[in-house]
Amino acid sequence: MNTPDLLEQGIAALGIAVTQPQKEALLHYLSLLAKWNRVYNLTAVREASQMVSHHLLDSLAVLPHLPCKRLLDVGSGGGLPGIVLAIMRQDLQVVSVEAVDKKCSFQTQVKIALGLKNFTVKHARVENLGDDQGYDGIISRAFSDLAQFASLTQALVATKGYLYAMKGVYPLDEIARLPEGFAVDRVIKLEVPGLGAERHLVIIQRH
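Residues numbered from 1 in each chain as written. Predicted model: local features only at pLDDT ≥ 70, side-chain atom pairs only at ≥ 80, totals over all residues. Heavy atoms only, no water.

Focus on the overall build of the protein chain
Reasoning step 1: When helices and strands are counted, the protein chain shows seven helices and seven strands.
Reasoning step 2: When the helices and strands of the protein chain are listed from N to C terminus, the series reads α-α-α-β-α-β-α-β-β-α-β-α-β-β.
Reasoning step 3: Its C-alpha atoms give the protein chain a radius of gyration of 16 Å, near enough to 17 Å, the size a compact globule of 207 residues would have.
Reasoning step 4: If one aligns the C-alpha atoms of the protein chain with their principal axes, the spans along those axes are about 50 × 30 × 30 Å. (Helix = DSSP H or I, 4+ residues; strand = E, 2+ residues; numbered from the N terminus. Rg over C-alpha atoms; globule rule 2.2 N^0.38 Å.)

Remarks on the packing of helix α2 (residues 20-40) against helix α5 (residues 101-114)
Reasoning step 1: Close contact between α2 and α5 brings their axes to 11 Å; oriented N to C, the two are set at 150°. On the basis of their axis angle, the class for α2 and α5 is roughly antiparallel. Between α2 and α5 lies a crossing whose hand is right-handed. Within the contact between the two elements, α2 uses A25, H28, Y29, L32, L33, W36 and Y40 and α5 uses K102, S105, F106, Q109, V110, A113 and L114. (Axes fitted to C-alpha atoms, helices over the stretch in contact; angles between N-to-C directions. Parallel < 35°, antiparallel > 145°, perpendicular 65-115°, else oblique. Left-handed = near helix turned anticlockwise from the far one by under 90°. Contact = heavy atoms within 4.5 Å.)

What to know about helix α3 (residues 48-60)
Two residues of an α-helix separated by three or four positions point the same way, owing to the 3.6 residues in each turn.
Reasoning step 1: Counted at 1.5 Å a residue, the expected span for α3 with its 13 residues is 18 Å, and the 17 Å between its end C-alpha atoms agrees.
Reasoning step 2: Of all the residues in α3, the buried ones are M51, V52, S53, H55, L56, L57, D58, S59 and L60.
Reasoning step 3: Considering only its buried residues, α3 is in contact with α1 (3-14), α2, α4 (82-88), β5 (157-167) and β7 (199-206). (Expected span 1.5 Å × (residues − 1). Buried < 20%, exposed > 50% of the residue type's maximum accessible area, 1.4 Å probe, protein only.)

Points about the environment of S76
Reasoning step 1: Residue position: S76 is located in the loop between β1 (70-74) and α4.
Reasoning step 2: The spacing of S76 and A142 is 66 residues in sequence and 6.9 Å in space, taken between C-alpha atoms.
Reasoning step 3: Not counting chain neighbours up to four residues away, the residues in contact with S76 comprise S96, V97, E98 and Q107.
Reasoning step 4: There is a polar contact of 2.9 Å between the side chain of S76 and the side chain of Q107. (Polar contact = N/O pair within 3.5 Å; in protein donor to acceptor, adjacent residues only side chain to side chain.)

Observations concerning the side chain of R199
Reasoning step 1: You can see R199 is positioned in strand β7.
Reasoning step 2: At 2.9 Å, the side chain of R199 forms a polar contact with the side chain of D58.
Reasoning step 3: Within the structure, R199 has its side chain in polar contact with the backbone oxygen of K167 (distance 3.1 Å).
Reasoning step 4: Leave out the neighbours within four places in its chain, and R199 touches D58, R141, M166, K167, G168, I188, K189, L190 and V192.

As for the packing of aromatic side chains
Reasoning step 1: Within this structure, the stated rule accounts for four aromatic pairs.
Reasoning step 2: Between Y162 and Y164, the aromatic rings sit 6.3 Å apart at their centres with planes inclined by 40°, giving tilted as the arrangement.
Reasoning step 3: On the basis of relative accessible area, Y162 is assigned to the partly exposed category, the value being 23%.
Reasoning step 4: Taken together through their ring pairs, the aromatic side chains of Y29, W36 and F106 make up a single cluster.
Reasoning step 5: Positioned above the aromatic ring of Y135 is the side chain of R70, whose terminal nitrogen or guanidinium carbon lies 4.2 Å from the ring centre. (Phe/Tyr/Trp six-rings, centres within 6.5 Å; stacked < 30°, edge-to-face > 60°. Lys NZ or Arg CZ within 6 Å of the ring centre and 35° of its normal.)

Some thoughts on the environment of K189
Reasoning step 1: Structurally, K189 can be placed in strand β6 (residues 182-190).
Reasoning step 2: Under the relative-accessibility criterion, K189 is labelled exposed at 53%.
Reasoning step 3: Through-space distance from the C-alpha of K189 to that of V169 is 9.2 Å; in sequence the pair is 20 residues apart.
Reasoning step 4: Beyond its immediate stretch of four places on either side in the chain, K189 contacts R199 and H200.

Points about the pattern of salt bridges
Reasoning step 1: For the structure on display, the rule yields nine salt bridges.
Reasoning step 2: The partner of R141 in a salt bridge is D58, and the shortest N-O contact between them spans 2.7 Å. Remark: D58 occurs in helix α3 and R141 occurs in the loop between β4 (135-140) and α6 (146-153); sequence separation between them is 83 residues.
Reasoning step 3: Overall, the relative accessible area of 25% leaves R141 in the partly exposed class.
Reasoning step 4: Among the residues examined, D58 registers a relative accessible area of 2% and is labelled buried.
Reasoning step 5: The salt bridge involving K167 is made with E174; its shortest N-O contact spans 2.9 Å.
Reasoning step 6: Assessed through its relative accessible area of 8%, K167 is described here as buried.
Reasoning step 7: Using a relative accessible area of 14% as the deciding quantity, one classes E174 as buried. (Salt bridge = Lys/Arg side-chain N within 4 Å of Asp/Glu carboxyl O.)

Distances and angles like these do not, on their own, reveal function.
This is how it looks when you write it as C-alpha cells:
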C-alpha cells in the first residue's frame, strides 16, 4: 500500500476529521522528513510506511486530547508531534524547543515550505527557555522519565496547565516518582493504527 493510502486508512481508523489540504501538508512534511533524514539522521525510522504509523498517526492520536491554545513541544527532534499538531490546528500556537541545531534547521525549513504561521522553532535547551506567559500545554515524546519532564518544565507551564507525556507501556513506576506539585490527571491508552505497540498519553496537571 502506498503512503497516501496508508495515511488515509490510518486517519479513518483514528476517526479524526482531516481536510484534503491537511492530508497534503502531512504528506509533504513526511517527504521532507525522509529527504533530510538521509543526511541529517533525524529519525531511526527509514521506511515510508513506518514513518506514517510511527510518526504521523502516532502524533495524530493525541490530537483529540489537547484542549490547549498554546503548546510547547519539548525535544521534538524532527518536529514531532509539534509540526503535525500545527498542521491540524491553525488555532493552536505551537512552539518547538530543540537543542540540536540541524534538527532546528530542518523544522525551520518545514515551517517555510508549509507556511506554518502558527509554528515557531527555538534552538535552546528547555531548562534555559524563559517565558513570562506560561504554556497551558507542554508535550513531549522525547523524555524517558516523567519526573525529569516535570522538573525541567515546571517554570514554563501555566498555573493549572498540563503536561502531556507520550509514552509506550503504562509508566507506573515513573508516575510514582513525580515531584511535588504535579499529579496525574488521567492516562489514556492510545490505539495507533499500524504501530503494533502499546501507547499511552499521560496527562499531568500542575497544582
